[in-house]
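# A structural walkthrough
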Amino acid sequence: MSYQHRFIDGTAVGLPTGKVVCVGRNYADHAAELNNPIPTEPMLFIKPSTSVVDMAQPFEIPKANGTVHFETEMCVLIGERLSNATIQEAKNAIVGIGLGLDLTLRDLQDKLKAKGHPWEKSKGFDGAAPLSAFVEPAEISDLQDVDIKLIVNGEVRQDGNSAHMLNQVLPLICHSSEFFTLEPGDVILTGTPAGVGPIQAGDQLEVELADCIKISTHAF
Ligand code: ZN
């Protein structure tokens, strides 16, 4: 597995690749596009460290289990151990801001949901979390006003802003840390705006976070 994404502004930070804590339906427009109700509290799930790959390198799409969807999300890299964190502790623990793709085996997820089974196989498979390198938190003046954009094969597919999150980043970290101790190297994926759709081998992707991160990559 590649560890190249553990960079902040081009400098290796020496953090391990940890778990990825994700939140479902954190934008009302995305919940609506999949006909899902808006949850009353953050709906969390975890991708294991083995799901993490470097987004800047071509990454593999699973072929055996039906449709794979992209979800483009702002993510934060945690640099300190957090348990029952306060807002200030959560803020202090963020050492990097980046972009992640929450790749989802959508057909499999639908089947598992229909049976009332856990989603893990549809969300936590190897390669399910391509992550960018990170930038210093200081480069983002307001975590709740960040443009998130995905262009697939030249067409804008996702164009959102973190202002529309239902659960903002810091309370989301606090809530996560009430259930899962966060450790240095863990990443929080903060949910996708609307526009999710299928991704296929051969697709060319441009992924952008404000004017801080621009990645050109492709799936195979
Ligand atoms: Zn997601």
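Here the structure is shown first, and the text comes after it.
The following paragraphs examine the structure supplied in this document. Since this is a predicted model, take the numbers as computed values, not measurements. (Residues numbered from 1 in each chain as written. Predicted model: local features only at pLDDT ≥ 70, side-chain atom pairs only at ≥ 80, totals over all residues. Heavy atoms only, no water.)

Scanning the chain from N- to C-terminus turns up five helices and 16 strands. Here the C-alpha atoms of the chain give a radius of gyration of 16 Å, agreeing with the 17 Å that 2.2 N^0.38 yields for 220 residues. With the C-alpha coordinates of the chain rotated into their principal frame, the extents come out at 40 × 35 × 30 Å. Scored against the burial criterion, the 220 residues of the chain give a buried share of 52%. Taking as baseline every contact in the chain between residues at least 6 positions apart, the subset at least 24 positions apart corresponds to 76%. When the accessible surface of the chain is split by element, carbon and sulfur atoms take 50% of a total near 9500 Å². Taking the average place of the 16 positive charges on the side chains of the chain and the average place of its 29 negative ones, the gap between the two points comes to 8 Å. (Helix = DSSP H or I, 4+ residues; strand = E, 2+ residues; numbered from the N terminus. Rg over C-alpha atoms; globule rule 2.2 N^0.38 Å. Buried < 20%, exposed > 50% of the residue type's maximum accessible area, 1.4 Å probe, protein only. Contact = heavy atoms within 4.5 Å. Areas by Shrake-Rupley, 256 points an atom, 1.4 Å probe, with all protein chains shown as cover. Lys, Arg positive; Asp, Glu negative; His and termini not counted. Charge placed at Lys NZ, Arg CZ, Asp CG, Glu CD.)

Surrounding the zinc ion are the protein donor atoms Glu71 (OE), Glu73 (OE) and Asp102 (OD), which sit 2.0 to 2.1 Å from the metal. Of note, the zinc ion draws all its donor residues from one chain, in the sequence arrangement E-x1-E-x28-D. Here Glu73 is found in strand S7 (residues 72-78), whereas its partner Asp102 is found in the loop between strand S8 (94-101) and strand S9 (104-105), with 29 residues between them in sequence. By relative accessible area, which is 0% here, Glu73 ends up buried. (Donors = N, O, S within 2.8 Å, 3.2 Å for Na, K, Ca; no water.)

Attention now goes to the side chain of Thr190. Its place among the elements puts Thr190 in the loop between strand S13 (187-189) and strand S14 (197-198). Among the polar contacts listed, one links the side chain of Thr190 to the backbone oxygen of Met74, at a separation of 2.7 Å. Excluding residues within four positions of it along the chain, Thr190 makes contact with Val23, Asn26, Tyr27, Glu73, Met74, Met165, Val169 and Leu172. (Polar contact = N/O pair within 3.5 Å; in protein donor to acceptor, adjacent residues only side chain to side chain.)

Our next topic: the environment of Ile213. Checked against the element boundaries, Ile213 lands in strand S16 (residues 213-218). Taking the C-alpha atoms as reference points, Ile213 and Asp9, 204 residues apart in sequence, are found 10.0 Å from one another. What Ile213 contacts, discounting residues up to four positions off in sequence, is Ile97, Gly98, Leu99, Ser132, Ala133, Val135, Val207 and Glu208.

Another point: the packing of aromatic side chains. For the structure on display, the rule yields two aromatic pairs. Aromatic pair Phe179 and Phe180: ring centres 6.5 Å apart, planes at 50°, arrangement tilted. With relative accessibility at 27%, the residue Phe180 sits in the partly exposed group. (Phe/Tyr/Trp six-rings, centres within 6.5 Å; stacked < 30°, edge-to-face > 60°.)

The four strands are arranged S12-S11-S15-S16 in an open sheet whose pairing can be described as antiparallel. Every interior strand has two partners, whereas the edge strands, strand S12 (155-161) and S16, have only one. Sheet twist, expressed as the average angle between the axes of neighbouring strands with direction ignored, equals 10°. Two elements, strand S15 (residues 204-209) and S16, share six bridges in a ladder whose sense is antiparallel. Residue pairing across strands places Leu209 opposite Ile213, the latter belonging to S16. (Pairing = 2+ DSSP bridges. Axes fitted to C-alpha atoms, helices over the stretch in contact; angles between N-to-C directions.)

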